[in-house]
Structure formats: C-alpha cells, structure tokens
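Read off the chains here:
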Amino acid sequence: MKRILACFKVTDDFDSLMPAEWENLGTGAPDTSYVKRLLGCFDEAALENALLFGDALRALGEEVELTALTLDPGYSDHIVKNLPAIGFARVVCLESGADLRFAPEETARLLCGFIKENGPYDAVFAGQQAPPYNSGLVPYFLAARLGLHCLANVRALAPEGGGVTVLQEADGGGTLRRRAELPLLFVVANAE
C-alpha cells in the first residue's frame with residue numbers, strides 16, 4: 001500500500017483586509033475576524049496533486065491511502081468537511097493554541113510530530129508557500145526534520161516503474177523532467 005499525505009493551511013483572505021489593519025500591523029496581529037478563509041493556490045495545488053498521484057497509482061493496481069493534514073486555526077471546518085468527498089480517506093486537524101502565522105519552524109515541528117507518529121508516508125505534499133508570511137520555509141524545515149529528500153517547484157508528477165517522474169519549474173523559466181524514488185516530499189508550485 002502506498003501512503004500519501006498532503007499538508008495544507010487554511011488562511012485568512014488578506015486581500016480583503018481593510019487598509020487600517022495593514023497600517024497597524026507593526027503593533028500586533030491584524031483583525032481578520034471579518035474576512036473569508038480559504039486555501040492558498042499552492043496548498044490547493046498540493047491537495048489536488050496528491051489526489052491525482054493517488055489516482056495514477058490506483059490505475060497501476062496499487063492500493064492507496066490518502067491523508068490530509070492541517071494545523072487547525074479554528075476556522076477550517078468549511079474546507080475540511082469537503083476533503084473526504086473528493087477522495088481523502090482521513091483528514092486530520094492538529095490542535096495548537098499557538099499563533100502559527102509567522103512561525104515556520106514551529107509549524108514544521110508540529111507537522112513532523114504527527115507524521116512520525118502516524119507514518120511512514122511514501123509521498124508528502126506541501127504547498128510552496130502560504131500567506132500571510134509567504135516564507136516558503138515550512139516544507140524545507142519539514143523535509144529536514146523527517147530526513148526526506150524534497151523536490152521543489154513541482155508542477156506535475158506521475159508514477160513510473162516503482163518511482164516517480166516529476167516536472168519542475170526551472171530557474172529562469174522552462175521545465176525540468178526528473179525521475180526519483182520514493183519516499184519524497186513534494187513542494188508544489190504553479191501546478192498544472
């Protein structure tokens with residue numbers, strides 16, 4: 001059985017924050033109580049690519065277990081409740097009282113704890129970055145903590161001969177095609 005994990009983050013819609021909230025950002029966290037909550041484009045792509053990879057493995061006769069994992073900020077229910085309907089067998093919302101919006105190392109530590117307790121996973125997917133900080137560090141801190149090789153700027157992937165073929169964005173434009181062996185952490189960028 002192949003075990004696939006997709007990490008995602010539900011964030012505030014920072015584009016709809018009132019200008020006064022941005023002006024007061026240096027004095028504390030902005031009031032986001034009135035904005036929508038959504039998935040960033042990279043986390044949405046990570047979830048979708050995990051599902052597509054699972055489908056491709058099933059087409060090859062593999063048994064697949066799909067898990068989605070998030071750190072619950074307390075307002076992710078509207079997104080989390082739909083994930084089983086699209087193919088995730090398990091959806092986990094880790095509770096944390098900490099404000100993790102600007103804490104990539106702590107975020108990676110908490111995700112890693114779950115993964116080590118519930119793994120191993122053959123493939124871990126994470127979005128390239130998520131608002132508000134957009135540091136892009138969480139997937140790399142997570143890969144380091146797990147001791148997994150990670151492939152960055154992933155646009156698409158497909159199982160091939162017991163491993164995987166990955167399309168990655170190249171620096172300066174273009175696409176690279178790479179073959180790799182599982183287990184891997186995929187940092188999903190502007191996915192197809």
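Residues numbered from 1 in each chain as written. Predicted model: local features only at pLDDT ≥ 70, side-chain atom pairs only at ≥ 80, totals over all residues. Heavy atoms only, no water.

1. A short note on the overall build of the protein chain
Just so we agree on the cut-off: Strands here mean DSSP runs of E at least two residues long; helices mean DSSP runs of H or I at least four residues long; both are numbered from the N terminus. Throughout, a contact is declared for two residues whenever any of their heavy atoms are within 4.5 Å. Using the Shrake-Rupley algorithm and a 1.4 Å probe, accessible areas are obtained, with residue cover drawn only from the displayed protein chains.
Looking only at helices and strands, one finds 6 helices and 10 strands in the protein chain. Sequence separation of at least 24 residues holds for 67% of the intrachain contacts in the protein chain that already meet a minimum separation of 6. Accessible surface computed for the protein chain: about 9600 Å², of which carbon and sulfur atoms make up 50%.

2. What about the pattern of salt bridges?
As a reminder, the rule being used: Think of a salt bridge as a Lys or Arg side-chain nitrogen and an Asp or Glu carboxyl oxygen that are within 4 Å of each other. With a 1.4 Å probe rolled over the protein chains alone, any residue whose accessible area is under 20% of its type maximum counts as buried; one over 50% counts as exposed, and the rest are partly exposed.
Evaluation of the coordinates by the stated rule reveals 5 salt bridges. The partner of Asp-55 in a salt bridge is Arg-58, with the nearest N and O atoms 3.4 Å apart. You can see Asp-55 and its partner Arg-58 sitting in helix H2 (residues 41–59), 3 residues apart, about one turn around the helix. Note that Arg-109 is salt-bridged to Glu-106, the shortest N-O span being 2.7 Å. Of this pair, Arg-109 and Glu-106 both sit in helix H5 (residues 104–118), 3 residues apart, which is roughly one turn of that helix. On the basis of relative accessibility, which here comes to 38%, the residue Arg-109 falls in the partly exposed class. A single salt-bridge network, built from bridges that share partners, covers Glu-160, Arg-179 and Glu-181.

3. Observations regarding the packing of aromatic side chains
What counts here: Geometry of aromatic contacts follows a simple scheme: Phe, Tyr and Trp rings, the Trp one being its six-membered ring, pair when their centres are within 6.5 Å, and the pair is stacked under 30 degrees between planes, edge-to-face over 60, tilted otherwise. In this analysis the charged atom, NZ for Lys or CZ for Arg, is taken to sit over a ring once it is within 6 Å of the ring centre and within 35 degrees of the ring normal.
Scanning the entire structure with this criterion turns up 3 aromatic pairs. Among the aromatic residues, those joined into a ring-pair cluster are Phe-53, Phe-125 and Phe-186. The ring of Tyr-121 carries the charged tip of Arg-3 above its face, separated from the ring centre by 4.4 Å.

4. Here we look at unusual backbone geometry
Here Gly-119 and Pro-120 are connected by a cis peptide whose omega angle stands at 5°. Mapping Pro-120 onto the fold places it in the loop between H5 and strand S6 (123–127). The amide bond that connects Leu-182 to the next residue, Pro-183, takes the cis arrangement and shows omega of 5°. Phi at Asn-153 takes a positive value of approximately 55°, unusual for a residue other than glycine. Within the secondary structure layout, Asn-153 lies in strand S7 (residues 150–160). Residue Asn-153 is classed as partly exposed on the basis of its relative accessible area of 22%.

5. What to know about the side chain of Thr-70
Here is the rule we go by: The definition of a polar contact used here is a pair of N or O atoms within 3.5 Å, where within protein one atom must be able to donate a hydrogen and the other to accept one, and adjacent residues in sequence count solely through side-chain atom pairs.
Take Thr-70: it is sitting in strand S4 (residues 64–72). Side-chain polar atoms of Thr-70 contact the backbone oxygen of Phe-8, separated by 2.8 Å. Non-local contacts of Thr-70, meaning those with residues more than four positions away in its chain, are made with Phe-8, Lys-9, Val-10, Val-80, Val-92, Cys-93 and Leu-94.

6. Digging into the pairing of strand S9 (residues 175–180)
Selection rule: At least two DSSP bridges between two strands are required for those strands to pair.
Where strand S8 (residues 163–169) lies against S9, 6 bridges are found, and the strand directions are antiparallel. Bridging across to S9, Val-164 finds its partner in Ala-180. The turn linking S8 back onto S9 is made up of 5 residues, and Gly-172 within it adopts a positive phi angle of 80°.

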